[in-house]
Amino acid sequence: MFVFIVRRILQTIPVLLGVSLVVFLIMQMVPGDPATLLAGEGATKETIAMIRHQLGLDRPILYQYVDYVIHAVQGDFGQSLRSSRPVLDEIMVRLPITLELALASIFITVVLGMVAGIISATRQYSAADISIMIVALLGISLPSFWLGLMLIYFFSVNLQWFPVSGWGTISHMILPAITLGAGGAAIVARMTRSSMLEVVRQDYIRTAKAKGLKEHVIIYKHGLKNALIPVITVVGLQFGALLGGTVLTESVFAINGLGRLIVDAIRTRDLPMVQGGVLIASVIFVFMNLAVDILYRYFNKRIDLN
Amino acid sequence: MKPEVVIKNPGLKLNKKKSTKLQNWKAFYKKFKRNKLALVGGYIVLFYILLAIFAPLVSPHDPYEIDLVNKLQTPTMEHWMGTDDKGRDILSRLLYGTRLSLTVGFVSVFFGAFIGILLGLTAGYYGKWIDTIIMRIVDVLLAFPGILLALAIISALGPSLINVMVAVGVFSIPMFARIVRGSTLSVRKLEYIDAVRALGATDFTIIVKHIFPNILSPVIVQATLRLATAILSAAGLSFLGLGAQPPSPEWGAMLSSGRDYLFSAPHIALFPGIAISTLVLGFNIFGDGLRDALDPRMKK
Amino acid sequence: MKQFNETILEVKNLQTHFFTDEGTSKAVDGISFTLNKGETLGIVGESGSGKSITSLSLLRLIPSPPGKIAGGSILFKGEDLLAKTEKQMRSIRGNEISMIFQEPMTSLNPVYSAGEQIAEAIRLHQKLGKKEAWAKAVDMLRLVGIPSPEKRAKQEPHELSGGMRQRVMIAMALACHPEVLIADEPTTALDVTIQAQILELIKTLQKDFGTAVILITHDLGVVYETCDRVAVMYAGKMVEYTLAKEIFTNPKHPYTIGLLNSLPRLDLDQEELTTIPGTVPSPYDMPKGCSFAPRCAHAKPICEQAVPDLESVGPDTEVSCWMYTPQWDKEYEAEEKVGVQ
């Protein structure tokens, strides 16, 4: 197990380097010269050349990349072109909000998804099962931003139960968390259901029945624990989709998180900010995956070794 | 002489004959037809494709015609889905928007599938260091959370519907590469591939004639499900103002303009959302049905 | 031979059918047998003969749908199990009748320790506290010959070998001293050396506890070593029901004879092993007459037209074959006539 963890941590290093390389290369594809952009209109060639030199843009591209990585590791993602403040500072202001939103949503995803999946699986082909599966199908098909708008319309505009936008209190959190977590909940529900149905066909469930255990003991004690192991992976993957989804949700609910920061940065062509934002979100996701893998390995060791 | 005292078992289950390709398709069709829900999905998709093709014929109005007198109208006999903030007929705009969504979906998935298949086949067939390099690249692409990779690409290329196709296409590459590599590996291990090679077939012939047909069904299933994701992602990017630009009747862009009138005219946001959801739902259940019919093992 | 008088389990005309898209499969089609206290009954047959379904039917563990016990009765101590409520059945399962399965690798829950899985049954049926149940589970592990049972009890199945797991299964099954133990191919998945140990263990514990055993197997060697009576099943039906020693010395049904001939014998100088030609018919497409007729060397027209009843042909032997009926001679004469013309 220890060896596995160490190996798995070492494996993330090339992935992180790759991610940074991709982000770096994408920014190289930007048409136009950042130095010209930064210098503003009517700048002399000398000024532009000076800025180029200051930014290190006159050096070979590989050199620039290494330089970029070295700075990034130290937390230096450059300066925002718009506010001239360090990118990391701006991100750190926004990041906690996004993480709060992500955690609230993953809570909805996991709890709602698993409960619905379990209900469905234990009453296969019942009215409850069919309704849950239809809702889950809708859940993976609805655009989250539209769901968000509709929730705002019904619960904030019409019923006035929740604030329309902003962040800070629990009541601010509820609608965005549902918006962002619904799709994942639908996927987790489908996965939990199929995993449970798979597990109840296993030999050890038959053993439990032959022991004379009650149906609910068989399902919840002997089935559920085994069924949830593969669901862990799905939840991990959903975290990525969810982190990406904050971009849309924060835009719908006017939440000043990292997602909105990135979108605004794209609109204003604040490239260092886009670069830094995407990179940090990806790093978080990579570490999240690492944690999920270790967790999965921990729960799954008994099955793997069979 | 066998030392065991065991009854030789001819078995009950081995009565099935080896199925030919034709029988495979018949079995697939039979299974698929039995799945009523999947049929519904297929009909939804077909319905939308027909709408897209015949949009000019079925649209009651010009989707771009501005009529400020009749703006923000709720549904009437004249405008079945009402009008938007510039008085344009929402139904007609949705019908034309079908073309955009389907085009973006098909083009980006085709693009992603093409490159993904190429990468997956190469990695799975040649193995060794080629495999390692390609799969590391795929890992890196998968390390971007959700649509952030697409977002980063658009930030570089600039907002436009074409760039959305590129971005969403790139976003689809890793999924295809993984699936194709997996299937290629399992086919490659089969003995007959060695036999064919021993007969002097080139790598190219082996890949095209023997491996590709075997990876086709998982690719088709993945492509169908991926179309749903692609349409959703593209609409999302347009919603953020990073895709289709006004006055384009792209569904996500329409939704985006509708959000400003959520209080006074919620129908502007309502209908595009229903349009997206229905089409995506169609692809999702169609894809689920295809998967169950083509390969029950992929049911995860 | 031991004396058996008290009947513990009596199965009459058991019918278990499966209803699937392809049609109805009569997996068990009219099985009857009697099991006395302390006795061992072997049920022998090929895969798909319905022997495992029979054993699962006894505890009403047939997955439903698609399976259903469609008829017959299972009298346990004089009471019909098919008439019991699910709750009553639960108090019988693992307590008065328990079962061990073919696959020790997958029959234990991977996420609970061996001790916990044994103690669970003890707590359930004997209403013992956690600590006492655990202590008893450890005792059971010691009884089934697991070294350092205190330590093993805390281990999870993946830390145990296949033979060890089957011992755990046996410990679990016998923990509540059941009157009947159903062992469904308990040794098939194990190494040959372990097989003998496990069979020996079952035999010893059976004597100690006075348990009656139903041993499902496809291995006639196992029957020879362990059983008192034997029922031979073919395609869901019982074709021969007799004493275990009889079947080796005086087999009646052509299928039984075929099975015996396919065994390697040490006392005879055999050139090669005989096999039974053909395959078991599909359960969805059973012949109208005797289901063995298509493979039977002695088959006559009557065999393809009607199913023979299971009838007594000796003091302890029943067989279902036209060869042992008065009709057979008539058939023979009829055939002779056809031959003359």
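Residues numbered from 1 in each chain as written. Chains lettered and ligands numbered in written order. Predicted model: local features only at pLDDT ≥ 70, side-chain atom pairs only at ≥ 80, totals over all residues. Heavy atoms only, no water.

Undergrad: Could you clarify how one ought to interpret the overall build of chain A in this entry?
TA: Looking only at helices and strands, one finds twelve helices and zero strands in chain A. In chain A, the order of α-helices and β-strands from amino to carboxyl end is α-α-α-α-α-α-α-α-α-α-α-α. Its C-alpha atoms give chain A principal-axis dimensions of about 85 × 55 × 30 Å. Looking at chain A as a whole, 50% of its 306 residues qualify as buried. Partitioning the contacts of chain A with sequence separation of at least 6, the portion at a separation of at least 24 is 74%. For chain A, the accessible surface area stands at approximately 14300 Å², while carbon and sulfur atoms represent 67% of it. Measuring between centres, the 24 positive side-chain charges of chain A sit 14 Å from its 18 negative side-chain charges. (Helix = DSSP H or I, 4+ residues; strand = E, 2+ residues; numbered from the N terminus. Buried < 20%, exposed > 50% of the residue type's maximum accessible area, 1.4 Å probe, protein only. Contact = heavy atoms within 4.5 Å. Areas by Shrake-Rupley, 256 points an atom, 1.4 Å probe, with all protein chains shown as cover. Lys, Arg positive; Asp, Glu negative; His and termini not counted. Charge placed at Lys NZ, Arg CZ, Asp CG, Glu CD.)

Undergrad: What am I meant to see in the state of the cysteines here?
TA: Structurally, a disulfide amounts to a covalent bond that connects the sulfur atoms of two cysteines. Using the criterion set out here, one finds zero disulfides over all chains in the structure. The thiol sulfur of Cys321(C) is not disulfide-bonded, and the nearest other cysteine sulfur, from Cys296(C), lies at 6.2 Å. (Disulfide = S-S within 2.5 Å.)

Undergrad: Can you walk me through the sheet that holds strand β6 (residues 97-100) of chain C in this structure?
TA: Adjacent strands of a sheet form backbone hydrogen bonds with each other and so pair up, either parallel or antiparallel. All names here are of chain C. The strand order β6-β7-β8-β3-β9-β10-β12-β11 describes an open sheet built from eight strands, whose pairing is mixed. The open sheet has two edge strands, β6 and β11 (311-312), and neither has a second partner. Across four bridges, β6 lies against strand β7 (residues 180-184) in parallel orientation. Residue pairing for β7: Ser-98 is matched across the bridge by Leu-181. Lying over the sheet, helix α1 (residues 51-58) contacts β3 (40-44), β6, β7, β8 (212-217) and β9 (229-234), oriented at roughly 150° with respect to β8. Along the sheet face, helix α11 (residues 254-261) touches β9 and β10 (237-243) and points at about 100° away from the line of β9. (Pairing = 2+ DSSP bridges. Axes fitted to C-alpha atoms, helices over the stretch in contact; angles between N-to-C directions.)

Undergrad: Which parts of the structure should I look at to understand the domain arrangement of chain A?
TA: Often, the extent of an interface is quoted as the loss of accessible area on bringing the components together. Residue and element names in this part refer to chain A. Splitting chain A by domain gives domain 1 (17-87) and domain 2 (97-299). Computed from C-alpha coordinates alone, the two centres of domain 1 and domain 2 are separated by 37 Å. Residue-level contacts link 13 residues of domain 1 with 13 residues of domain 2. For the domain 1 and domain 2 pair, buried surface summed over both sides reaches about 1300 Å², with 75% attributable to carbon and sulfur atoms. Viewed at the interface, domain 2 and domain 1 are joined by one residue pair in polar contact (both at pLDDT 80 or more). Across the side of domain 1 that touches domain 2, the residue classes tally to nine nonpolar, three polar and one charged. (Domains from an automatic or database assignment. Buried area = accessible area lost by both parts, 1.4 Å probe. Polar contact = N/O pair within 3.5 Å; in protein donor to acceptor, adjacent residues only side chain to side chain. Nonpolar A, V, L, I, M, F, W, Y, C, P; charged D, E, K, R; others polar.)

Undergrad: Just to check I follow, could you spell out the interface of chain B and chain A for this structure?
TA: The interface is formed by 41 residues belonging to chain B together with 46 residues belonging to chain A. Buried area between chain B and chain A, summed over both chains or domains, comes out near 3700 Å², and the portion from carbon and sulfur atoms is 79%. When the buried area of chain B at its contact with chain A is split by residue, Ser155(B), Leu240(B) and Leu262(B) rank highest and sum to 15% of it. For the pair chain B and chain A, the number of links is one salt bridge. Salt-bridge contacts for Arg190(A) lead to Asp288(B); the nearest nitrogen and oxygen are separated by 2.6 Å. At the boundary of chain B with chain A, the tally comes to seven residue pairs in polar contact (both at pLDDT 80 or more). Among the secondary structure elements, those contributing two or more residues to the side of chain B that touches chain A are α5 (128-142), α6 (148-157), α9 (203-239) and α11 (267-294) of chain B. Broken down by element, the residue count for the side of chain B that touches chain A peaks at twelve residues, all from α11(B). Split into classes, the residues belonging to the side of chain B that touches chain A amount to 30 nonpolar, seven polar and four charged. (Salt bridge = Lys/Arg side-chain N within 4 Å of Asp/Glu carboxyl O.)

Undergrad: Would you explain the pattern of salt bridges in this entry?
TA: Opposite charge on two side chains makes pairing possible when the charged atoms of those side chains draw close. Applying the stated criterion across every chain yields a total of 29 salt bridges over all chains. Across the salt bridge formed by Lys221(A) and Glu120(C), the nearest N and O atoms sit 3.0 Å from each other. Taken together, the residues Lys221(A) in helix α10 (residues 215-252) and Glu120(C) in helix α4 (residues 114-126) connect one chain to another. Its relative accessible area of 5% is what places Glu120(C) among the buried residues. One network of salt bridges, in which partners are shared, links Lys211(A), Lys221(A), Glu116(C), Glu120(C) and Arg123(C).

Undergrad: Looking at this structure, I do not really get the pairing of β10(C). What am I missing?
TA: Regular strands place side chains that alternate from one sheet face to the opposite one. Residues and elements named next belong to chain C. Among the seven residues in β10, six count as buried, and that is most of the element. As paired strands, β9 and β10 are joined by six bridges and run antiparallel to one another. Directly across from Val-230, in β10, lies its bridge partner Thr-242. Hairpin remark: β9 followed by β10, antiparallel, with two residues in the connecting loop; positive phi at Ala-235, about 50°. Relative to strand β12 (residues 318-319), β10 is paired through two bridges, and the arrangement is antiparallel. Note on β12: the bridge partner recorded for Glu-240 is Val-319.

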